[in-house]
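Chain by chain, the residues run as shown.
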Amino acid sequence: MNLTRPADKEVGVSMSHSLPRPTGMENARAESPPRRKIALVGNPNVGKSVLFGKLTGQYVVVSNYPGTTVEVSRGNATIYRETFEIIDTPGVNSLVPQSEDERVTRDILLAEKPDLIIQVADAKNLRRSLLITLQLAELQCPLVIDLNMMDECRTRGIVIDHKAMGALFGVPVVETVATTGEGFRRLFDALKNAQVPRDPHQGDSDALLEQVRVLLNHSSPLPARLTVEWLASSDQSLRRPIECLVPPEKLQKLEMQLQEFRERNHQFPAAMINRERVAFLDRHVESLRHMVPFDRKIFYEKLGKWTREPLTGVPILVLVLFLMYEFVGVLGAQKAVDFLEKTLFGQYVIPAARILFDRIMPIAFFHDLFVGPYGLISMALPYAIAIVLPIVGTFFLAFGFLEDSGYLPRLSILSDRIFRAMGLNGKAVLPLILGLGCDTMATVTTRVLATKKERIIATLLLALGIPCSAQLGVILGITAGVSKLALFTIFASVTLQVFVVGFLSSKIVKGQRSDFIFEIPPIRVPQLKNIGFKTWMRMKWYLREAVPLFMLGTFILFLLDQLRVLKHIIHAVEPVVVRMLGLPAETATAFILGFLRRDYGAAGLYRLTEAGKLDHIQIVIALVTMTLFVPCTAQFFMMIKEHGWKRALYIALVITPIALGTGATLNWLLHLAPQFSKLL
């Protein structure tokens, strides 16, 4: 089947790892290919990635909200002496895709033909889970149903008759709690008994579907019901697998049959199929579960409600932001940075390096390369380790706590009305908030948005006004030494630009806004182990990705300085930096660094502020301009991957004049209102 294979996060990862292995799994050398494939499929936020991590030992981001997995992850796991390839797919609410991540999952199931599917289901949302089960049953692939999150199910007094459910579909059904490993032995045992599910779904469309199966040839991997629904969709890309597998004349005949059925019965075949599924769920869901008395966690329920309602949600949001400011801006960006920069690097590392190079390598070129003004040890390492690392570390800790608590999805409800004015809906708050961690990865998560228009606008806003973790931390750190009014001015300016650009984009970018259907996960007490592990993995990612780029950027600056080119570049941009923005000429260096990585440029501003080369007005202007400035290199390439060269270039070309124009306007306004500027 000639379908494009979706982008993989990691492929062919070794099974060796340090995480605890589930009982019954044995380390063994990988056997010769081909390995049997197991696909993990299910709704968003049901624990697929947790199960994937337990099986393969690979780390994947796990959070308490839907849409965390938007790319495909692969790994190997040995279960009862057999090595399988495990595929973690993005969450789906239906195999009739409504978004890019759902389309990825549909294409994997058709193109890769897994040997076995584990449907990871949210036990407390049985109706939604069974809808996926009905669609998976049409694929005629061996299936095991994993009723996960049984702990939350019990706390709500829900009991599932998993034996009756297994009998209904003719497949093994097991109950698990993936976060603790409860039920994993039963799950592994069940894999040996996986069966092609029985299709219990019958209705008035059966005669039509039999004609479809005959036309498709019964050996075709295309499922009859889903084929009818894909053909009926307005999204033409859903037809692609059908066009790959069905000859044009047969496809034409199939569409004629569907048309005749519609005219004869005065109803659309796809709508009839959907109604029959709903009727099936109405008949069976309540018979498969019942309620028992339970202790309600009333406080968590009320807390979840308070965070969603404007009257209480806004003060809670202000409190959350204040706590983050104290934790990241004061503890991370001031106290930790002060210790590392002034004590560790200022008193020990850099002086020792200078003495060492003076004695063993008294050659000016190498001395300057390592410990000069643009030296790898005197500039790149302090920027990466002393200034940015403590900031991103504290931010990742705070962000991990918010992720696992279930608070972030509630912001979607709270902000839905605002996002509607920008052509989006509340669901867009997730990629934008994830951008506070890393704009590059957040650009990928815009796939959770259903329409192309929403994805373009969200990508534009991410590139324009969402500072990454390190940049945000530097902003908090610098303004903590200035005033809270300066911090407010910066965020008000950036937020206003994001809103105005979003509003205008909603009028210019063609397309539709999707409906806002979003399941809110429960409020949970975050597990410190998960937060600590996630923070550690993110810091490792930062060190692996950012430090080499900091070294490269510093080396480029060093060469430009040695070749006497840097002063010409600074002179060339001086009219913009000095006259237009009212900043000292040295600030140009920080903006040049910002092209490579935004946090690298922000660290440059941090150094200038420490050296007293920026007054309070200039600090505000520089930070606003830097935040709105063009995306870093990695984010720009991700925009190309997601949207193509032309669109990525258009976005960058739109952003640059907005950033400079906003900085120039702010410079003019702040000097026009000296009384206000004195309060900064």
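The structure presented is a predicted model; accordingly, all values stated were derived computationally and were not measured.

### Comments concerning the overall build of the protein
Secondary structure assignment for the protein yields 29 helices and nine strands. The globule rule puts the C-alpha radius of gyration for 680 residues at 26 Å, and the 28 Å found for the protein is close to it. Across the 680 residues that make up the protein, the buried fraction comes to 55%. Roughly 30,100 Å² of accessible area belongs to the protein as shown, and the carbon and sulfur atoms make up 61% of that amount. In the protein, 74 positive and 60 negative side-chain charges are present, and the distance between their average locations comes to 2 Å.

### Notes on helix 23 (residues 566–580)
Taking 1.5 Å per residue as the helical rise, helix 23 with its 15 residues ought to reach 21 Å, and the 20 Å between its terminal C-alpha atoms agrees with that figure. Of all the positions in helix 23, only Leu566, Ile570 and Val577 are classed as buried.

### Some remarks on the pairing of strand 6 (residues 143–148)
When you tally the buried positions in strand 6, you get six out of six residues, the bulk of the element. Residue alternation in strand 6 divides its side chains into two sets, Leu143, Ile145 and Leu147 and Val144, Asp146 and Asn148, and both sets are buried. Two elements, strand 5 (residues 116–122) and strand 6, share six bridges in a ladder whose sense is parallel. Bridge pairing in strand 6 links Ala121 to Leu147. In this region the chain leaves strand 5, passes through helix 3 (residues 126–137) and returns to the parallel neighbour strand 6; the handedness of that crossover is right-handed. Note that strand 6 and strand 8 (residues 173–175) share three bridges and pair parallel. Bridge pairing in strand 8 links Ile145 to Val173.

### A few points about the pattern of salt bridges
Oppositely charged side chains can pair when the atoms bearing their charge come close. Per the counting criterion, the structure on display carries 27 salt bridges. Lys124 is the salt-bridge partner of Asp122, the closest N and O atoms lying 3.1 Å from each other. Across the pair, exposure class does not vary: Asp122 and Lys124 are buried alike. In this structure, Arg277 and Glu138 form a salt bridge, with 3.1 Å as the shortest nitrogen-oxygen distance. Placement of Arg277 in helix 11 (residues 269–284) and of Glu138 in the loop between helix 3 and strand 6 is noted, with a sequence separation of 139 residues between them. Members of the salt-bridge network, linked through shared partners, are Lys37, Arg74, Glu85 and Glu112.

### Description of unusual backbone geometry
Positive phi, close to 70°, is recorded for Arg81, a residue that is not glycine. Mapped onto the elements, Arg81 comes out in the loop between strand 3 (72–79) and strand 4 (82–88). Positive phi values are uncommon outside glycine, yet His266 reaches one of about 55°. Along the chain, His266 falls in the loop between helix 10 (248–265) and helix 11. On the accessibility criterion, His266 (72% relative accessible area) is exposed.

### Some details on the nonpolar core
Core analysis: the largest hydrophobic core is formed by 106 residues, its most contacted members being Tyr383, Val388, Leu408, Leu461, Tyr542, Phe550 and Leu605. Looking at this core, the element that brings in the most residues is helix 15 (residues 376–405), giving 14 residues. Not counting residues within four places of it along the chain, the set of residues in contact with Tyr542 comprises Ala384, Val388, Leu389, Val392, Val547, Phe550, Arg597 and Asp599. Formed by 54 residues, the second largest nonpolar core is a distinct cluster that contains Leu110, Ile117, Leu130 and Leu258.

### Notes on the packing of aromatic side chains
In this structure the tally under the stated criterion is 12 aromatic pairs. Members of the aromatic cluster, each reached through a chain of ring pairs, are Phe365, Phe366, Phe555 and Phe558. Directly above the ring of Trp230 sits Arg106, whose terminal nitrogen or CZ lies 4.7 Å from the centroid. In this arrangement the basic side chain of Lys192 is found over the ring face of Tyr80, its NZ or CZ atom lying 4.7 Å from the centre.

### Observations regarding the pairing of strand 3
Two faces, one strand: in a regular strand the side chains alternate between the faces of the sheet. For strand 3, a buried count of eight out of eight residues is recorded, marking the element as mostly surrounded by other parts of the structure. Along strand 3, one buried face is formed by Val72, Arg74, Asn76 and Thr78 and the opposite face, lined by Ser73, Gly75, Ala77 and Ile79, is buried too. For strand 3 and strand 4, the ladder comprises seven bridges, and the chain directions are antiparallel. Residue pairing in the sheet places Thr78 in a bridge with Thr83 of strand 4.

### Brief notes about the packing of helix 7 (residues 206–216) against helix 10
Following both chains from N to C, one finds helix 7 and helix 10 inclined at 170°, their axes separated by 10 Å at the closest point. Judged on the interaxial angle alone, helix 10 and helix 7 are roughly antiparallel. Across from Leu208, Gln211, Val212, Leu215 and Leu216 in helix 7, the residues of helix 10 making contact are Lys250, Lys253, Leu254, Gln257, Leu258 and Phe261. Across the contact of helix 7 with helix 10, the residue classes break down as seven nonpolar, two polar and two charged.

### A look at the environment of Arg185
Locating Arg185 in the fold gives a position in helix 6 (residues 184–191). For Arg185, a relative accessible area of 46% gives the class partly exposed. As a C-alpha pair, Arg185 and Val174 span 11 residues in sequence and 9.8 Å in three-dimensional space.

### A closer look at a nonpolar patch on the surface
A grouping of Ile418, Leu496, Phe499, Val500, Phe503, Leu504 and Ile508 is seen on the molecular surface, where their side chains present a nonpolar patch of about 640 Å² in accessible area. Within the fold, Phe499 resides in helix 21 (residues 484–508). Given a relative accessible area of 32%, Phe499 falls into the partly exposed group.

### Here we look at the confidence of the model for the protein
Counting all residues, the mean pLDDT for the protein is 83, and 92% of those residues have values of 70 or more. Here strand 1 (residues 8–10) is the element of the protein with the lowest mean pLDDT, 41, and strand 8 is the one with the highest, 96. Below pLDDT 50 for its whole length, residues 1–31 participates in 71 contacts with residues either more than four positions away or in separate chains.

### Digging into the environment of Val620
Examined against the element boundaries, Val620 turns out to sit in helix 26 (residues 616–628). Taking the C-alpha atoms as reference points, Val620 and Val482, separated by 138 residues in sequence, lie 9.6 Å from one another.

### Some details on the packing of helix 20 (residues 469–480) against helix 21
Relative to each other, helix 20 and helix 21 sit at 145°, their axes nearing to 9 Å. Between helix 20 and helix 21 lies a crossing whose hand is right-handed. Packed against helix 20, whose contacting residues are Leu472, Ile475, Leu476 and Thr479, the element helix 21 presents Ala486, Leu487, Ile490 and Phe491 at the interface. Within the contact of helix 20 with helix 21, the residues separate by chemical class into seven nonpolar, one polar and no charged.

### Observations concerning the side chain of Thr627
Among the structural elements, Thr627 can be located in helix 26. When its relative accessible area of 2% is taken as the criterion, Thr627 is described as buried. Beyond its immediate stretch of four places on either side in the chain, Thr627 contacts Leu464, Gly465, Pro467, Gln471, Ile475, Val494 and Arg598.

### With respect to the environment of Glu112
Of note, Glu112 is situated in the loop between helix 2 (100–111) and strand 5. For Glu112, a relative accessible area of 11% corresponds to the buried category. Residues Glu112 and Gln195, 83 residues apart in the sequence, show an inter-C-alpha distance of 19 Å. At 3.1 Å, the side chain of Glu112 forms a polar contact with the side chain of Lys37. A polar side-chain atom of Glu112 sits 2.4 Å from a polar atom in the side chain of Arg74.

Cut-offs applied
Residues numbered from 1 in each chain as written. Predicted model: local features only at pLDDT ≥ 70, side-chain atom pairs only at ≥ 80, totals over all residues. Heavy atoms only, no water. Helix = DSSP H or I, 4+ residues; strand = E, 2+ residues; numbered from the N terminus. Rg over C-alpha atoms; globule rule 2.2 N^0.38 Å. Buried < 20%, exposed > 50% of the residue type's maximum accessible area, 1.4 Å probe, protein only. Areas by Shrake-Rupley, 256 points an atom, 1.4 Å probe, with all protein chains shown as cover. Lys, Arg positive; Asp, Glu negative; His and termini not counted. Charge placed at Lys NZ, Arg CZ, Asp CG, Glu CD. Expected span 1.5 Å × (residues − 1). Pairing = 2+ DSSP bridges. Right-handed = clockwise from strand over helix to strand, strands pointing away. Salt bridge = Lys/Arg side-chain N within 4 Å of Asp/Glu carboxyl O. Core = buried A, V, L, I, M, F, W, Y, C linked by side-chain atoms within 4.5 Å. Contact = heavy atoms within 4.5 Å. Phe/Tyr/Trp six-rings, centres within 6.5 Å; stacked < 30°, edge-to-face > 60°. Lys NZ or Arg CZ within 6 Å of the ring centre and 35° of its normal. Axes fitted to C-alpha atoms, helices over the stretch in contact; angles between N-to-C directions. Parallel < 35°, antiparallel > 145°, perpendicular 65-115°, else oblique. Nonpolar A, V, L, I, M, F, W, Y, C, P; charged D, E, K, R; others polar. Patch = residues over 30% accessible without salt bridge, like charges linked within 9 Å, V, L, I, M, F, W, Y side chains within 5 Å. pLDDT = per-residue confidence, 0-100. Left-handed = near helix turned anticlockwise from the far one by under 90°. Polar contact = N/O pair within 3.5 Å; in protein donor to acceptor, adjacent residues only side chain to side chain.

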